[in-house]
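Residue-level structure breakdown
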Amino acid sequence: QVQLVESGGGLVQAGDSLRLSCAASGRTFSSSAMGWFRQAPGKEREFVAAIRWSGHTYYGDSVKGRFTISRDNAKKTVYLQMNSLKPDDTAVYSCALTTRSDIINHHAYDYWGQGTQVTVSS
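So, a few notes on the structure that sits alongside this text. This is a predicted model, so every value here is computed, not measured. (Residues numbered from 1 in each chain as written. Predicted model: local features only at pLDDT ≥ 70, side-chain atom pairs only at ≥ 80, totals over all residues. Heavy atoms only, no water.)

Side note on the pairing of strand β8 (residues 77-82)
Put simply, the rule is: Accessible area is worked out with a 1.4 Å probe on protein chains only. A residue is then buried under 20% of its type maximum, exposed over 50%, and partly exposed in between. Helical segments are the DSSP runs of H or I of at least four residues, strand segments are the runs of E of at least two, and each set is numbered from the N terminus. Criterion used throughout: strands pair if DSSP finds at least two bridges between them.
Extensive coverage of β8 is indicated by the burial of 5 of its 6 residues. One ladder, built from 6 bridges, connects strand β3 (residues 18-25) with β8; its direction is antiparallel. Paired with R19 across the strands is Q81, a residue of β8. For strand β7 (residues 67-72) and β8, the ladder comprises 6 bridges, and the chain directions are antiparallel. Bridge assignment links S70 to a residue of β8, and that residue is Y79. As consecutive antiparallel partners, β7 and β8 are separated by 4 residues, and within that stretch K76 has a phi angle of approximately 55°, a positive value.

Structural notes on the pattern of salt bridges
The condition is simple: The term salt bridge refers to a side-chain nitrogen of Lys or Arg lying within 4 Å of a carboxyl oxygen of Asp or Glu.
Taken as a whole and judged by the stated rule, the model has 5 salt bridges. Between R38 and E46 there is a salt bridge, and its shortest N-O distance comes to 2.9 Å. With its nearest N and O atoms 3.3 Å apart, the salt bridge here joins K64 to D61. A network of salt bridges, in which partner residues are shared, links R38, E46, R66 and D89.

Quick look at the packing of aromatic side chains
Put simply, the test is: Stacked, tilted and edge-to-face are the three classes applied to pairs of Phe, Tyr and Trp rings, where Trp contributes its six-membered ring and a pair requires centres within 6.5 Å; stacked means planes under 30 degrees apart, edge-to-face means over 60, and tilted covers the rest. Any Lys NZ or Arg CZ found within 6 Å of a ring centre and within 35 degrees of that ring's normal is scored as a charge over the ring.
Following the criterion strictly, the structure yields 4 aromatic pairs and no others. A centroid spacing of 5.6 Å and a plane angle of 65° characterise the contact between F37 and F47, whose relative ring orientation is edge-to-face. With a gap of 10 residues between them, F37 in strand β4 (residues 33-39) and F47 in strand β5 (residues 46-51) connect regions that are remote in the sequence. Of the residues examined, F37 reaches a relative accessible area of 2% and is grouped as buried. Directly above the aromatic system of W112 lies the positively charged group of R45, at a separation of 4.2 Å from the ring centroid.

With respect to the pairing of strand β1 (residues 3-7)
Of the two faces of β1, the one lined by L4 and E6 is fully buried and the one lined by Q3, V5 and S7 carries no buried residue. With 5 bridges joining them, β1 and β3 adopt antiparallel strand pairing. For E6, the partnering residue across the bridge sits in β3 and is C22.

Looking at the sheet that holds β8
For clarity, the cut-off: All axes here are fitted lines through C-alpha atoms, helices being fitted over the stretch that makes contact, and every angle between N-to-C directions spans 0 to 180 degrees.
Strand order in the open sheet made by the 4 strands is β1-β3-β8-β7, with antiparallel pairing throughout. The open sheet is flanked by β1 and β7, the only strands paired with a single partner. The average undirected angle you get between the axes of adjacent strands in this sheet is 15°.

As for the side chain of T116
Stated formally: Throughout this description, a polar contact denotes any pair of N or O atoms lying within 3.5 Å of each other; where both atoms belong to protein, one of them has to be capable of donating a hydrogen while the other can accept it, and for residues adjacent in sequence the pair is counted only when both atoms sit in side chains. Here a residue-residue contact requires only that any non-hydrogen atoms of the pair lie within 4.5 Å.
Of note, T116 is situated in strand β11 (residues 116-121). T116 sits in the buried class, given a relative accessible area of 12%. A polar atom in the side chain of T116 sits 3.3 Å from the backbone nitrogen of G9. T116 has contacts with E6, G8, G9, L20, A91, V92 and Y93, leaving out every residue within four places of it along the chain.

Laid out in structure tokens, this is it:
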């Protein structure tokens with residue numbers, strides 16, 4: 001069984017930075033891909049970033065150049081460094097784990113954290 005726990009959300013102003021963390025339990029972390037998704041009120045879930053066990057990273061178009069995903073396999077933790085935050089980044093951010101190859105698609109993920117709120121004021 002895998003459990004994912006996010007932390008690091010909060011209220012910030014436009015232009016500020018935040019770092020989200022997602023701590024995982026279970027044996028499959030180092031061989032799994034990890035992803036971050038977000039969902040704003042009234043909007044569909046959106047892919048933010050993902051990282052394979054190899055370290056290869058992927059980003060959604062809206063966050064490229066501003067967000068960085070990384071992982072520490074020894075700590076079983078994945079991070080999302082968010083810089084130059086905008087009000088449009090306001091959402092609940094969730095991390096997820098998958099052993100499948102299509103890591104851009106949220107349907108591919110088997111395990112999800114509870115989410116952490118990020119609010120960016122203008």
